[in-house]
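# Structural overview
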Amino acid sequence: GLNIPAMRPKEVVSLAPVLGRYLNQDLDRLDMERAVTAVLLAAEACAFKELGISKSLWQEAQSEMGMWPAALAVMLVAAKDPDYFSRTPAHYFAGMVARAKDGTLRLDRSIWGLRTHAGRRPKGFGVSLG
């Protein structure tokens, strides 16, 4: 299985703000189960509409990784600058799915890297990921 750190729904959206465009509810008003469901649906919508991920690739990702890890993979792709990709975000995501299949995907390292990068904001912003 994949080694992933615990992540709350609000942190997922704070690390990839584009997901917030697809939330249909205020996470602060939801219990944990509903907040997770809202973020899963937002990740799915973002995958299709923003990242160009096909429904079949999304289903394959969920099958290989699980629903929450697949959503976290979308978060990681959505958080990247569009100029980062040598091809497309969907190709990058497909590579993540292929690494999940062969057991080399390290979501934990990518998530910690994103958290570290997000923590490097200019002084005065007061951003806390804790």
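Our subject is the structure that appears above.
This is a predicted model, so every value here is computed, not measured. (Residues numbered from 1 in each chain as written. Predicted model: local features only at pLDDT ≥ 70, side-chain atom pairs only at ≥ 80, totals over all residues. Heavy atoms only, no water.)

### Quick word on the overall build of the protein
On a plain count of helices and strands, the protein comes out with 6 helices and 0 strands. Each helix and strand of the protein, ordered N terminal to C terminal, gives the series α-α-α-α-α-α. The C-alpha atoms of the protein give a radius of gyration of 14 Å, which matches the 14 Å a tight globule of 130 residues would have. Taken along its principal axes, the extent of the C-alpha atoms in the protein is 40 × 30 × 30 Å. Burial statistics for the protein: of 130 residues in total, 39% are counted as buried. Across the protein, the fraction of contacts at a sequence separation of at least 24, relative to all contacts at a separation of at least 6, is 64%. As presented, the protein carries roughly 7800 Å² of accessible surface, and 49% of it is formed by carbon and sulfur atoms. The centroid of the 17 positive side-chain charges in the protein is displaced by 5 Å from the centroid of its 13 negative side-chain charges. (Helix = DSSP H or I, 4+ residues; strand = E, 2+ residues; numbered from the N terminus. Rg over C-alpha atoms; globule rule 2.2 N^0.38 Å. Buried < 20%, exposed > 50% of the residue type's maximum accessible area, 1.4 Å probe, protein only. Contact = heavy atoms within 4.5 Å. Areas by Shrake-Rupley, 256 points an atom, 1.4 Å probe, with all protein chains shown as cover. Lys, Arg positive; Asp, Glu negative; His and termini not counted. Charge placed at Lys NZ, Arg CZ, Asp CG, Glu CD.)

### Looking at the pattern of salt bridges
Here the structure, examined in full by the defined rule, presents 6 salt bridges. Notably, a salt bridge pairs arginine 21 with glutamate 50, separated by 2.9 Å at the nearest N-O pair. One end of the pair, arginine 21, is in the loop between helix H1 (9-15) and helix H2 (32-49); the other, glutamate 50, is in the loop between H2 and helix H3 (55-65), and 29 residues separate them in sequence. Arginine 106 is the partner of aspartate 108 in a salt bridge, and the nearest nitrogen-oxygen pair spans 2.7 Å. (Salt bridge = Lys/Arg side-chain N within 4 Å of Asp/Glu carboxyl O.)

### Remarks on helix H6 (residues 107-118)
Here H6 contains 12 residues, and its C-alpha end-to-end distance of 16 Å stays within 8% of the 16 Å for a straight helix at 1.5 Å per residue. Those residues of H6 lying buried are Leu107, Asp108, Ile111, Leu114, Arg115 and Ala118. Along H6, the residues classed as buried sweep out an arc of 130 degrees about the axis, all on the same side. Opposite its buried face, H6 presents the exposed residues Arg109 and His117, each directed more than 90 degrees away. Contacts from the buried residues of H6 go to H1, helix H4 (67-78) and helix H5 (89-102). (Expected span 1.5 Å × (residues − 1). Arc of directions from axis to C-beta.)

### Re the packing of aromatic side chains
For any pair of aromatic rings, geometry is given as the distance between the ring centres together with the angle between the planes. Enumeration over the complete set of coordinates arrives at 4 aromatic pairs. Seen in terms of ring centroids, phenylalanine 85 and tyrosine 92 are 5.4 Å apart; in terms of plane orientation they differ by 70 degrees. Their pairing is edge-to-face. What makes phenylalanine 85 buried here is its relative accessible area of 11%. An aromatic cluster is defined as three or more aromatic residues linked by ring pairs; in this entry it consists of Tyr84, Phe85 and Tyr92. Here lysine 80 stacks its cationic end above the ring of tyrosine 84, 4.3 Å away from the centre of that ring. (Phe/Tyr/Trp six-rings, centres within 6.5 Å; stacked < 30°, edge-to-face > 60°. Lys NZ or Arg CZ within 6 Å of the ring centre and 35° of its normal.)

### A short note on H5
In this model, H5 (14 residues) spans 20 Å end to end at C-alpha, consistent with the 20 Å of a helix rising 1.5 Å per residue. Taken together, the buried positions of H5 are Ala90, Phe93, Met96, Val97 and Ala100. End-on view of H5: buried residues confined to an arc of 115 degrees, all on one side of the axis. Among the residues trailing H5, glycine 103 stands out with phi positive, at a value near 80 degrees.

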